[in-house]
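# Fold and contact review
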Amino acid sequence: MRARRNKTALEIEGMGQKAAVLHLDMSDFQSLDAFVKEVISILQSRWNTGSLDFLINNAGMGATVPFAEVTEELFNDFLNVHFKGIYFLTHQKLVPHMNTGGRIINISSGTTRFSNPGYSVYASMKGAIEIFTKYLAKELGIKGIGANVVAPGPIETDFNNAGIRNNPKAKEIISMNTPLGRVGRADDIGSVVAFLCTEDAKWINGQRIEVSGGINS
């Protein structure tokens, strides 16, 4: 995964832009302050600024666990990564460094709209993120900062041990239940996130945008 992050940075630099790759473990709540200091330090040293325009909260962990088998430890892990860490990293630690006109985009999930067995913890945390985003949009509007949710459907990535990409049967079933006839790809989501960071999307605020190919519609 680290090699993949470095490859991404090299691709960005190959286009004549600047890039930096930092490590953050969202399950380690006590590491957030040090991470923010590192972010600001790099912004100052490499971009000659102490502020940022966009924050995309995309950290995540996956596990397919039936409701009756969820342990308190697993619940807390999901809570820290998918909600608690994002809540405090965003609102109390990074928002003070965001520019007027900035945008926050929180990645949720289609499973807040439709139910998949084994996703009760994951979807519950994503539901919390969606409510949090509405409050961000309301409370940060006075600062000129907008906030939206992008909710992907099933995407063919490394997430949850590449559970979709490495499972041809699952891909077939998902494709059959998706009007566009395939599973999602990372660029299906990335292009929407990128759009929300443009001036063309400046009047979109406090919204949940599902990007799922119409699955389970």
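Whatever comes next refers back to the structure up there.
Being a predicted model, the structure only gives us computed values, none of them experimental.

Reading the values: rules and limits
Residue numbers run consecutively from 1 along every chain, following the written order of its sequence. Reporting of local features is limited, given that this is a predicted model, to residues whose pLDDT is at least 70; pairs of side-chain atoms are given and counted only at 80 or more, and all residues count toward the totals for whole chains, interfaces and linings. Only hydrogens and water are removed before side-chain values are computed, so all heavy atoms of the structure are retained for them. Segments assigned H or I by DSSP are reported as helices when at least four residues long, segments assigned E as strands when at least two residues long, and all are numbered from the N terminus. Should any heavy atoms of two residues lie within 4.5 Å, those residues are counted as being in contact. Here the open area of atoms and residues is found with the Shrake-Rupley method and a 1.4 Å probe, where only the protein chains shown may cover a residue. Each Phe, Tyr or Trp ring (for Trp, its six-membered ring) is paired with any other whose centre lies within 6.5 Å, and the angle between the two planes then decides the class: stacked below 30 degrees, edge-to-face above 60, tilted in between. Burial classification: accessible surface area is computed with a 1.4 Å probe over protein chains only, and a residue below 20% of its type maximum counts as buried, one above 50% as exposed, and the rest as partly exposed. Here, over-ring charges are defined by two tests on the NZ atom of lysine or the CZ atom of arginine: distance to the ring centre within 6 Å, and angle to the ring normal within 35 degrees. Using only the protein atoms, space was sampled on a 1 Å grid; points where a 1.4 Å probe fits but cannot get out form cavities, open sets with protein on both sides within 12 Å along at least five of seven lines form pockets, and lining residues are those with an atom within 4 Å of a point. Grid points are joined across faces, edges and corners, and a volume is the space filled by probe spheres set on the points. Amino acids are sorted into nonpolar (Ala, Val, Leu, Ile, Met, Phe, Trp, Tyr, Cys and Pro), charged (Asp, Glu, Lys and Arg) and polar (every other residue, Gly among them). By definition here, a helix of n residues has an expected span of 1.5 Å times n minus one. Fitting axes to the seven residues that end at a residue and to the seven that start at it, the angle between those axes gives the bend at that residue.

## Looking at the overall build of the chain
Scanning the chain for helices and strands turns up 7 helices and 4 strands. Reading the helices (α) and strands (β) of the chain from amino to carboxyl end gives α-α-β-α-β-α-β-α-α-α-β. For the chain, contacts bridging at least 24 residues in sequence account for 70% of all contacts bridging at least 6. Accessible surface, the chain: about 12500 Å² in total, of which carbon and sulfur atoms supply 54%.

## Digging into the packing of aromatic side chains
Within the structure shown, the criterion is met by 6 aromatic pairs. Taken together, a centroid distance of 5.4 Å and an interplanar angle of 85° make the contact between Phe29 and Phe88 edge-to-face. In this pair, Phe29 is assigned in the loop between helix H1 (2-14) and helix H2 (32-47) and Phe88 in helix H3 (residues 72-94), connecting sequence segments 59 residues apart. When its relative accessible area of 26% is taken as the criterion, Phe88 is described as partly exposed. Within the aromatic cluster, the residues linked to one another by ring pairs are Phe29, Phe83, Tyr87, Phe88 and Phe132. Positioned above the aromatic ring of Phe29, the side-chain terminus of Lys84 is 4.5 Å from the ring centre.

## A short note on the layout of surface pockets
Approximately 150 Å³ is the volume found for the second largest pocket. Contributing to the lining of the second largest pocket are 15 residues, with Arg182, Gly184, Asp188, Ser212 and Gly213 lying nearest its centre. Its residues placed into classes, the lining of the second largest pocket shows 8 nonpolar, 5 polar and 2 charged.

## Notes on helix H4 (residues 120-140)
Between the first and last C-alpha of H4 there are 30 Å, a value that for 21 residues agrees with the 30 Å anticipated at 1.5 Å per step. The complete set of buried residues in H4 reads Val121, Tyr122, Ala123, Met125, Lys126, Ile129, Glu130, Phe132, Thr133, Leu136, Ala137 and Leu140.

## Some words on H3
Given a rise of 1.5 Å per residue, 23 residues ought to cover 33 Å, yet the end C-alpha atoms of H3 are separated by just 29 Å, more than 12% below that figure. At Asn80, H3 shows its largest bend, some 50°. Along H3, the positions that sit buried rather than exposed are Leu74, Phe78, Asn80, Val81, His82, Gly85, Ile86, Leu89, Thr90, Lys93 and Leu94. Buried residues along H3 sit in contact with H2, strand E1 (52-57), strand E2 (98-107) and H4.

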